[in-house]
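# Close look at the chain arrangement
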Amino acid sequence: MTNRLHATIADINFEGILANASGVHCQTKEELAELLASPYVATAVTKSSTKEVRTGNPKPSYYEFEQGSINSMGLPNNGFDYYLDYVSQDHSQKPVILSVASLSMTEGIELLKRVQDSDFQGITEFNLSCPNVVGKPQVAYDFETTHQILTEVFKFFKKPLGVKLPPYFDFAHFDQMADILNQFPLSHINSVNSIGNGLYVDVETEASVIKPKKGFGGLGGAMILPTALANVRAFRERLNPDIKIIGTGGVTSGEEVFAHILCGADLVSVGTELQRQGIGLFEKLQHELLMIMNEKGYQSIDEFKGQLKTM
């Protein structure tokens, strides 16, 4: 791995800056091991785990189209114990990020207490933003509840902890959420999760393309790039410097990776395009990113990270 590409989150060093988005190629230990085996992957992020095993929503729950994807997976995962066991093992010095979700505040607190009491010393990411669990709202759109949860969590949680956020669309919401997040010793935010409750119509069949929620699902892929970049930039301008950012959304080439870093991302994760192309995508992304850096004369991402120019 070239030392030109590096990141540090919560004093944990990453050799490289590329990762999978939680939800893609990370449900099984075998998939996670494949990610970690790639020299172009800096870290693997586990599937967001709930207390119990979940099969997720009825299929088909994922559909790709030219501009991106729509999904209503419903948090299928192998259960919290499965992923905690995996991340607690030695993985050849590569960091692994444990993603934790919950169906209630009580469950979330319970799972994070178990992380705190475990041997795992890496980074945990608390998913406050799943838009595809039927009957469950995205917690991070409720600012009061988000503050309440983080207050309870940091009464006992002393290990590195970040949060995964949904996309926001209003400056007032960036301000409000940043004010909340800055009150806590977060390791990072992961921004953004999919844009919730889109709808894609197949004109030929005159029908929606996924089964759950009458076709409504989270949007990802190339079309959400401007929203993802806006969120990365808005939060980088508002958050304490100690809170790092994993930029997620819209990455299909090294150019989009460069744009995420330029807006302030420390790591960049890939979802839809990874699902589409497979792990070999990471070599392509790194090669294209380094080509852009060479053309611009940058020796390190630190030279342009967060340095977006405005007119």
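This report concerns the structure included in the present document. (Residues numbered from 1 in each chain as written. Predicted model: local features only at pLDDT ≥ 70, side-chain atom pairs only at ≥ 80, totals over all residues. Heavy atoms only, no water.)

### Concerning the overall build of the protein chain
For the record, the criterion: Where helices and strands are cited, they refer to DSSP runs of H or I of at least four residues and of E of at least two residues respectively, numbered from the N terminus. The quantity called the radius of gyration is restricted to C-alpha atoms. Its globule counterpart is 2.2 Å times the number of residues to the power 0.38. Here's how the labels work: a residue is buried when its accessible area is under 20% of the maximum for its type, exposed when over 50%, partly exposed in between, all with a 1.4 Å probe on protein chains only. Any two residues whose heavy atoms approach within 4.5 Å at even a single point are treated as in contact. For every accessible area listed, the method is Shrake-Rupley and the probe measures 1.4 Å; residues are considered covered only by the protein chains on display. Counting rule for charge: Lys and Arg are taken as positive, Asp and Glu as negative, and neither His nor the chain ends is counted. We put the charge of a Lys on NZ, of an Arg on CZ, of an Asp on CG and of a Glu on CD.
Of regular secondary structure, the protein chain possesses nine helices and 16 strands. Relative to the 2.2 N^0.38 estimate, which gives 19 Å for 311 residues, the radius of gyration of the protein chain is 18 Å and therefore close to what a compact globule would have. Once the C-alpha set of the protein chain is aligned to its principal axes, its extents read approximately 55 × 50 × 40 Å. Here the protein chain holds 311 residues, and the buried ones make up 56% of them. Long-range pairs, those at least 24 residues apart, make up 75% of the contacts in the protein chain between residues at least 6 apart in sequence. Counting only carbon and sulfur atoms, one obtains 50% of the accessible surface of the protein chain, whose full area is about 13600 Å². Taken together, the 26 basic and 36 acidic charged side chains of the protein chain have centroids lying 3 Å from each other.

### Some points on a nonpolar patch on the surface
This is how the line gets drawn: Candidates for patches are residues over 30% relative accessible area with no salt bridge; among them, like charges are joined within 9 Å and nonpolar side chains (Val, Leu, Ile, Met, Phe, Trp, Tyr) within 5 Å. In the sections that follow, a salt bridge refers to a side-chain nitrogen of Lys or Arg positioned within 4 Å of a carboxyl oxygen of Asp or Glu.
The grouping of Leu 199, Val 201, Val 203 and Phe 216 at the surface amounts to a nonpolar patch, some 380 Å² of accessible area in total. Tracing the chain through its elements places Val 203 in the loop between β12 (201-202) and β13 (207-208). The exposure class assigned to Val 203 is exposed, which follows from its relative accessible area of 69%.

### What about the layout of surface pockets?
Counted only if it meets this: In this analysis the probe radius is 1.4 Å and the grid spacing 1 Å, with only protein atoms considered; a cavity is a set of points the probe fits into but cannot get out of, a pocket is an open set with protein on both sides within 12 Å along at least five of seven lines, and lining residues have an atom within 4 Å of a point. Grid points are joined across faces, edges and corners, and a volume is the space filled by probe spheres set on the points. Following the grouping adopted for this structure description, the nonpolar residues are Ala, Val, Leu, Ile, Met, Phe, Trp, Tyr, Cys and Pro, the charged ones are Asp, Glu, Lys and Arg, and the polar ones are all others, Gly among them.
Size it by volume and the largest pocket reaches roughly 740 Å³. Ser 22, Gly 23, Val 24, Asn 71 and Met 73 are, among the 41 residues lining the largest pocket, the residues nearest its centre. Listed by contribution, the elements that provide at least two residues to the lining of the largest pocket are β6 (68-71), β14 (216-220), β16 (267-270) and α8 (272-277). If you tally residues by element for the lining of the largest pocket, the top one is α8, at three residues. Grouping the amino acids of the lining of the largest pocket by side-chain chemistry returns 15 nonpolar, 22 polar and four charged. In this structure, the second largest pocket occupies an estimated 260 Å³ of space.

### A word on helix α4 (residues 143-153)
Defined as follows: This arc is taken over the directions from the axis of the helix to the C-beta atoms. Throughout this description, a polar contact denotes any pair of N or O atoms lying within 3.5 Å of each other; where both atoms belong to protein, one of them has to be capable of donating a hydrogen while the other can accept it, and for residues adjacent in sequence the pair is counted only when both atoms sit in side chains.
Taken together, the buried positions of α4 are Phe 143, Thr 146, Ile 149, Leu 150 and Val 153. One face of α4 carries all of its buried residues, which in axial projection span an arc of 125°. Taken together, the buried residues of α4 touch α3 (105-117), β8 (124-127), β9 (161-165) and α5 (171-181). For α4, the N-terminal cap is Asp 142; the gap from its side-chain oxygen to the backbone nitrogen of Glu 144 is 3.3 Å.

### Overview of the sheet that holds strand β3 (residues 18-20)
Condition: Pairing between strands is defined by DSSP: at least two bridges between them are needed. Only the contacting stretch of a helix is used when fitting its axis, a line to C-alpha atoms as for every element, and angles between N-to-C directions run 0 to 180 degrees.
Read across the open sheet, the eight strands follow the order β3-β16-β15-β10-β9-β8-β7-β4; overall the sheet is parallel. Because the sheet does not close on itself, it has two edges, and the strands there are β3 and β4 (44-45). Examined bridge by bridge, strand β15 (residues 244-248) and β16 share three bridges and lie parallel to one another. Pairing of Ile 246 across the sheet is with Leu 267, part of β16. Each of β3, β15 and β16 touches helix α7 (residues 254-263); the most contacted strand, β16, lies at about 140° to it.

### Describing the nonpolar core
Burial of nonpolar side chains together is a common tendency in soluble globular proteins. We apply this condition: Only buried residues count toward a nonpolar core, which is a set of Ala, Val, Leu, Ile, Met, Phe, Trp, Tyr and Cys residues joined through side-chain atoms within 4.5 Å.
Of all hydrophobic cores here, the largest spans 85 residues; its most connected members are Ile 17, Leu 181 and Phe 235. With seven residues, the single largest contributor to this core is helix α9 (residues 281-296). In contact with Leu 181, not counting residues within four places along its chain, are Leu 150, Val 163, Leu 165, Leu 186, Ile 189, Phe 235, Leu 239 and Ile 243.

### As for the environment of Leu 225
Relative to the helices and strands, Leu 225 is located in helix α6 (residues 225-238). When the C-alpha atoms of Leu 225 and Pro 95 are compared, they prove to be 26 Å apart, with 130 residues separating the residues in sequence. If sequence neighbours within four positions are ignored, Leu 225 has contacts with Gly 249, Gly 250, Glu 256 and His 260.

From the geometry alone we can't say anything about function, so treat these as descriptive.
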